[in-house]
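# What the coordinates show
One-letter residues, chain by chain:
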Amino acid sequence: MFIRRFFLFFFLSVFFSVNASAQTSDSDAAGLGIAEIMLSQAEGGRSVGAIPGLPALTVTTGPDGSEDYSVTLQILMFMTMLTFLPAMLMMMTSFTRIIIVFSILRQALGLQQSPSNQILIGLSLFLTLFIMSPVLEDINKGALQPYINEEITSIQALKLAEKPLKKFMLANTRETDIDLFFRIGEIAAVASPEDIPLTVLMPAFVTSELKTAFQIGFIIFIPFLVIDIVVASVLMAMGMMMLSPLIISLPFKIMLFVLVDGWALIIGTLAASYGI
């Protein structure tokens, strides 16, 4: 019995050792085959045909000295510019003035959450699109369509798109604000308004927008403030000290705003302030 078990154990050991050596040799052969294929591809693609690809990073210099970038770089720059889209919306359009006026209006009415922030922002965005539509049309005709038709380069398209925006900002920026940033930055005077750099024009435009928005908000606040004063005086005369004047004046302010068609007046005033 012992001898039979010994021979059985011996034959099993030999069998598994032979099987393992065969698998090792097969894997080595497969590895050598893959290495030979990679070597043949690296030597110039004699065994597998090389597929030409698009140039990733290329800069082409034009006859006039301008530079044009490859499509890959243009897409990269475009995706990077999308991150600055909210800042451009606030710094170069009418959005700032509109949203501030709407916020002051809600505070003047005494309403805390109605209309909500989402409604005010949505209304401001669509009103900004309406006010900026002439500028966007000029950019589309003068810069975007020629660039799509490959008539101009991307750098030329950016320069052409800058002109309508600068014209819009210059028309709504005070000269005193522009002079302020020229003095702060110690920048030399320019020959014409079109030569003002964007680094000066953008903060000056936002400063003017803030000033104009607060001026409009002050005018909006006056009639509602008068209602609050009248209601507070009547309550004090009646000896109702514990009753909040805001609770009594809120319906009267809402009624006044609805009777004079306040939303149409506010929106019409904002559009008229930009010459539309």
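Our subject is the structure listed above.
Below: a short report on this structure. Here the structure is a predicted model, which is why all the values come from computation and not from measurement.

## Thoughts on the overall build of the chain
When its secondary structure is counted, the chain shows eleven helices and two strands. Order of helices (α) and strands (β) in the chain, N terminus to C terminus: α-β-β-α-α-α-α-α-α-α-α-α-α. By residue count, 26% of the 276 residues in the chain fall in the buried class. Residue pairs at least 24 apart in sequence account for 64% of intrachain contacts in the chain once pairs closer than 6 positions are excluded.

## Focus: the packing of aromatic side chains
All told, the structure shown has five aromatic pairs when counted by the stated rule. The interplanar angle of 70° and the centroid separation of 6.0 Å between the aromatic rings of Phe102 and Trp263 together place this pair among those described as edge-to-face. Of this pair, Phe102 sits in helix α4 (residues 95-109) while Trp263 is found in helix α11 (residues 262-272), placing the two residues 161 residues apart along the sequence. Taking 5.4 Å as the distance between ring centres and 85° as the angle between the ring planes, the aromatic pair formed by Phe257 and Trp263 counts as edge-to-face. According to the relative accessible area criterion, Phe257 is buried, its value standing at 9%. You can call Trp263 partly exposed: its relative accessible area is 32%. The structure contains a cluster of three or more aromatic residues connected by ring pairs, namely Phe102, Phe224, Phe257 and Trp263. If you follow Arg97 out to its NZ or CZ, it ends over the ring of Tyr274, 4.0 Å from the centre.

## Considering a nonpolar patch on the surface
Together, Phe218, Ile219, Ile222, Val226, Val230, Val234, Met238, Met240, Leu243 and Ile247 give the surface a local cluster of nonpolar side chains, amounting to about 930 Å² of exposed area. In terms of residue count, the dominant contributor to the nonpolar patch is helix α9 (residues 198-237) (six residues). Structurally, Leu243 is set in the loop between α9 and α10 (245-259). Classification of Leu243 by relative accessible area gives partly exposed; the value is 30%.

## Focus on the pattern of salt bridges
Counted by the stated rule, this structure contains three salt bridges. The shortest N-O distance in the salt bridge between Arg97 and Glu209 comes to 2.6 Å. Of this pair, Arg97 sits in helix α4 while Glu209 sits in helix α9, and the two are 112 residues apart along the sequence.

## Examining unusual backbone geometry
One non-glycine residue, Glu186, adopts positive backbone phi at about 50°. By the secondary structure assignment, Glu186 is in the loop between α8 (175-185) and α9. The phi dihedral of Asp261 falls on the positive side, at around 55°, and the residue is not glycine. The class of Asp261 is partly exposed, set by a relative accessible area of 46%.

## Looking at the nonpolar core
Ile266 and Leu270 are the most contacted members of the largest nonpolar core, which has 38 residues in total. Those elements giving two or more residues to this core turn out to be α4, α5 (117-131), α6 (133-148), α7 (154-171), α8, α9 and α11. Sorting elements by how many residues they give to this core places α4 first, with ten residues. Those residues in contact with Leu270 that sit more than four places away from it in its chain are Arg97, Ile98, Val101, Phe102, Leu127, Ile131 and Ile216.

## Points about the packing of helix α3 (residues 85-92) against α9
Here α3 crosses α9 at 65°, and the two axes come no closer than 8 Å. Counting all contacts with α3, which are made through Met90, Met91 and Met92, the residues of α9 involved are Met202, Pro203, Phe205 and Val206. When the residues that make up the contact of α3 with α9 are grouped by side-chain class, the tally is seven nonpolar, no polar and no charged.

What counts as what
Residues numbered from 1 in each chain as written. Predicted model: local features only at pLDDT ≥ 70, side-chain atom pairs only at ≥ 80, totals over all residues. Heavy atoms only, no water. Helix = DSSP H or I, 4+ residues; strand = E, 2+ residues; numbered from the N terminus. Buried < 20%, exposed > 50% of the residue type's maximum accessible area, 1.4 Å probe, protein only. Contact = heavy atoms within 4.5 Å. Phe/Tyr/Trp six-rings, centres within 6.5 Å; stacked < 30°, edge-to-face > 60°. Lys NZ or Arg CZ within 6 Å of the ring centre and 35° of its normal. Patch = residues over 30% accessible without salt bridge, like charges linked within 9 Å, V, L, I, M, F, W, Y side chains within 5 Å. Areas by Shrake-Rupley, 256 points an atom, 1.4 Å probe, with all protein chains shown as cover. Salt bridge = Lys/Arg side-chain N within 4 Å of Asp/Glu carboxyl O. Core = buried A, V, L, I, M, F, W, Y, C linked by side-chain atoms within 4.5 Å. Axes fitted to C-alpha atoms, helices over the stretch in contact; angles between N-to-C directions. Nonpolar A, V, L, I, M, F, W, Y, C, P; charged D, E, K, R; others polar.

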